[in-house]
Amino acid sequence: YDEEGQELIGEYGKIFEEEYVNYLNEHLNIFDSSYQAYLRNIEATRTHNGYFSIDKQGKSINSSLARGSDLTDDISAYDLILKNKERLLSFEEPTRFIFSHSALREGWDNPNVFQICTLKQTSNTTTKRQEVGRGLRLCVNTNGDRQDSDALGEAYVHDLNTLTVVASESYQSFVTSLQNDIKEDLYERPTLLNIAFFENKTVYSNEQVKTF
């Protein structure tokens, strides 16, 4: 904030806007597709937003301090990021990059998370699982329809539903452990439909009941 109390962009905000403009200029071309037109109409200052706690004078504070009765939240950004999923997913909303202290751990229900960049190093496995879990969901289109293999086909569904995590070295052991857990869960699922799979099971087919 300046001497008159006006909010100023912080260091991370300046870096983001500079890098965003540079990247955009490198990738925009003369072919004015609908998506490129969409990007051209969004100013760098409007494409990023943040959810942080503020005091009653409207100044940002560390949200870990926002526990007392003298503190409140940034309601406008809070509503957009944590509550108004339909608005955030629409092309009318310019916000595409979100900086937040803890939104990924507060029940955020936005399925279209494709990149997560963590700026704070933590050894808490539960926190990491909560954060990564926000991006490990099938995305939706503007109508709210899940973009699964039925909608996209087996060849394209994994290309679209890809999560990129920009993280510190502390994620190396976490990722290894998470992948091992997933492998163990998948290994327990039957992969071959043989006689042993149907033993002691009842199958209903064409109004006929068969017990194996």
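Residues numbered from 1 in each chain as written. Predicted model: local features only at pLDDT ≥ 70, side-chain atom pairs only at ≥ 80, totals over all residues. Heavy atoms only, no water.

**Quick word on the pattern of salt bridges**
Next up, step 1: Under the definition given, this model contains 2 salt bridges.
Next up, step 2: Residue Glu93 pairs with Arg87 through a salt bridge whose shortest N-O separation is 2.9 Å.
Next up, step 3: Glu93 gets classed as buried once you look at its relative accessible area, which sits at 8%.
Next up, step 4: Given a relative accessible area of 34%, Arg87 falls into the partly exposed group.
Next up, step 5: Ionic pairing is found between Arg129 and Asp181, a salt bridge with its closest N-O pair at 2.7 Å. Of this pair, Arg129 sits in helix 5 (residues 125-133) while Asp181 is found in helix 8 (residues 171-187), placing the two residues 52 residues apart along the sequence. (Salt bridge = Lys/Arg side-chain N within 4 Å of Asp/Glu carboxyl O. Buried < 20%, exposed > 50% of the residue type's maximum accessible area, 1.4 Å probe, protein only. Helix = DSSP H or I, 4+ residues; strand = E, 2+ residues; numbered from the N terminus.)

**Quick word on the layout of surface pockets**
Next up, step 1: Of the pockets and cavities examined, the second largest pocket occupies roughly 290 Å³.
Next up, step 2: Every residue lining the second largest pocket is counted, 16 residues in all, and those nearest its centre are Val132, Gly135, Leu136, Thr162 and Leu163.
Next up, step 3: Of all elements in the fold, only helix 7 (157-160) and helix 8 reach the threshold of two or more residues within the lining of the second largest pocket.
Next up, step 4: Looking at the lining of the second largest pocket, the element that brings in the most residues is helix 8, giving 5 residues. (1 Å grid on protein atoms, 1.4 Å probe; cavity = no way out; pocket = protein on both sides within 12 Å on 5 of 7 lines; lining within 4 Å. Points joined across faces, edges and corners; volume = space filled by probe spheres on them.)

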